[in-house]
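Residues per chain are reported as follows:
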Amino acid sequence: MSEKTVLLTIENNIAYVALNRAEKHNAINMVMFYQLDNIIKQLQKDKTLRAIIVHGEGVDFCSGLDVKSVMKAPINILKLLFKWLPGQSNLAQRVSTGWRKIPAPVIMVLHGRVWGGGLQIALGGDFRFVEPSATLSILEARWGLIPDMGGTLALKEHLPADQAKLLAMTGKEISAKQALEYHLITEISSDPMTAAKALAVSLCQQSPDAVAGVKKLYNKVWWRSERFTLARETFYQLKVMLSKNQKIKAYNQTHEKEPAKAFKNRGSW
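Residues numbered from 1 in each chain as written. Predicted model: local features only at pLDDT ≥ 70, side-chain atom pairs only at ≥ 80, totals over all residues. Heavy atoms only, no water.

J.: Tell me what's going on with the overall build of the protein chain, and back it up with residues and numbers.
T.: Of the regular secondary structure elements, the protein chain holds 12 helices and 9 strands. In terms of overall dimensions, the protein chain is globule-like: its C-alpha atoms have a radius of gyration of 19 Å, near the 18 Å expected for 269 residues. Summarising its shape, the C-alpha atoms of the protein chain cover approximately 60 × 40 × 40 Å along the three principal directions. Expressed as a percentage of the 269 residues in the protein chain, the buried residues total 47%. Sequence separation of at least 24 residues holds for 69% of the intrachain contacts in the protein chain that already meet a minimum separation of 6. Of the roughly 14,000 Å² that the protein chain leaves accessible, carbon and sulfur atoms contribute 58%. Side-chain charges in the protein chain split into 36 positive and 23 negative, and the spacing between the mean points of these groups amounts to 8 Å. (Helix = DSSP H or I, 4+ residues; strand = E, 2+ residues; numbered from the N terminus. Rg over C-alpha atoms; globule rule 2.2 N^0.38 Å. Buried < 20%, exposed > 50% of the residue type's maximum accessible area, 1.4 Å probe, protein only. Contact = heavy atoms within 4.5 Å. Areas by Shrake-Rupley, 256 points an atom, 1.4 Å probe, with all protein chains shown as cover. Lys, Arg positive; Asp, Glu negative; His and termini not counted. Charge placed at Lys NZ, Arg CZ, Asp CG, Glu CD.)

Below, the structure written as structure tokens:
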């Protein structure tokens, strides 16, 4: 585990996570699975964080699974797919679903190839800023497999079932422009990192509890019943209103000529 396949730096309450196998086009090996999983768990616990930016070193964000490396030991498949309960995420899925559990917004910065497992990781973020020449693909069909890394949770939020089936069954590559038309990404930018940083700074001006509440509310209710949605909406609003950060945000909003008060650490979400 001495290989640093994922790098983490934190500046001004913004975490930067970099996939760091540039020479392998950031293809995911077992070390990267474990290191991503550990970093995600670390970020989930850090209440000081206001945003997370995920990007890839080198020419590609992530070209997918490092098949030769992972398949070299058959036990790796068991390690990736094992779970105690069917409804839980296994190791393969946590590198996508784990981002959804971080109370702070996660911004994916995408360039080059965003294929297979790379797209599954990207789908776990809240926002996706994409370089114009990037290509995206649900690549698993080329190996006779189905996408099983948790990205389906986000995919069903963004695409009609027929379009999702088309991408997953054919494994075809799509351009950034097509991805935007599919509503798979947030924005195309010639400088996606700068765009991501600008959004992160903007989000830092908001109450961290309100931001966390919006993320949890929408992730929980987007395809649930009306009764469930309304109940969660009220519950999270009451929780936000009881937080110190709501009062700080209201004060800053009504005292624009005075120095803004600093937000407290986010509550438990």
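Resuming the write-up.
J.: Give a description of the environment of Leu-217 that names residues and reports values.
T.: Here Leu-217 is to be found in helix α10 (residues 208-221). As for Leu-217 and Ile-53, which are separated by 164 residues in sequence, their C-alpha atoms are 21 Å apart. Residue contacts for Leu-217: discarding those within four places in its chain leaves Thr-229, Arg-232, Glu-233 and Tyr-236.

J.: Would you mind going over the nonpolar core in detail, with residue names and values included?
T.: Ile-52, Phe-61, Trp-99 and Leu-184 are the most contacted members of the largest nonpolar core, which has 50 residues in total. The biggest single contributor to this core is helix α1 (residues 30-45), with 7 residues. Contacts of Ile-52, omitting those with residues within four sequence positions, involve Ala-15, Val-17, Leu-43, Trp-99, Ile-102, Ala-104, Pro-105, Val-106 and Ile-107. Ile-53, Ile-107, Phe-129 and Ala-200 belong to the second-largest nonpolar core, a separate cluster that totals 12 residues. (Core = buried A, V, L, I, M, F, W, Y, C linked by side-chain atoms within 4.5 Å.)

J.: Residue-level account of the sheet that holds strand β5 (residues 113-115), with values.
T.: Strand order in the open sheet formed by 3 strands is β5-β7-β8, and the pairing between neighbours is mixed. Lying at the two open borders of the sheet, with one neighbouring strand each, are β5 and β8 (174-175). Strand direction decides the pairing type here: β5 and strand β7 (residues 135-137), joined by 3 bridges, are parallel. For Trp-115, the partnering residue across the bridge sits in β7 and is Ser-137. (Pairing = 2+ DSSP bridges.)

J.: Tell me what's going on with the side chain of Glu-140, and back it up with residues and numbers.
T.: By the secondary structure assignment, Glu-140 is in the loop between β7 and α6 (152-158). Buried Glu-140, no salt bridge; nearest opposite-charge side chain is Arg-142, N-O distance 9.0 Å. Residue contacts for Glu-140: discarding those within four places in its chain leaves Gly-116, Gly-117, Gln-120, Leu-145, Ile-146 and Pro-147. (Salt bridge = Lys/Arg side-chain N within 4 Å of Asp/Glu carboxyl O.)

J.: Describe the pairing of strand β1 (residues 6-11), listing the residues and the values that go with them.
T.: Bridge count between β1 and strand β2 (residues 14-19): 6 bridges; the pairing is antiparallel. The residue bridging Val-6 from the neighbouring strand is Leu-19, located in β2. Linking two consecutive strands that pair antiparallel, namely β1 and β2, is a turn of 2 residues; a positive phi of about 50 degrees is found at Asn-12 within it.

J.: Pulling in residues and values, what's your account of the packing of α10 against helix α11 (residues 226-241)?
T.: For any two helices packed against each other, the geometry is given by the interaxial angle and the distance between the axes. Viewed as axis vectors pointing N to C, α10 and α11 meet at an angle of 165 degrees, and their least axial separation amounts to 10 Å. On the basis of the axis angle, α10 is roughly antiparallel to α11. Once α10 is placed against α11, the crossing between them reads as right-handed. Taking contact as the criterion, the partners of Asp-209, Ala-210, Gly-213, Lys-216, Leu-217, Lys-220 and Val-221 in α10 are, on α11, Phe-228, Thr-229, Arg-232, Glu-233, Tyr-236 and Val-240. Across the contact of α10 with α11, the residue classes break down as 6 nonpolar, 2 polar and 5 charged. (Axes fitted to C-alpha atoms, helices over the stretch in contact; angles between N-to-C directions. Parallel < 35°, antiparallel > 145°, perpendicular 65-115°, else oblique. Left-handed = near helix turned anticlockwise from the far one by under 90°. Nonpolar A, V, L, I, M, F, W, Y, C, P; charged D, E, K, R; others polar.)

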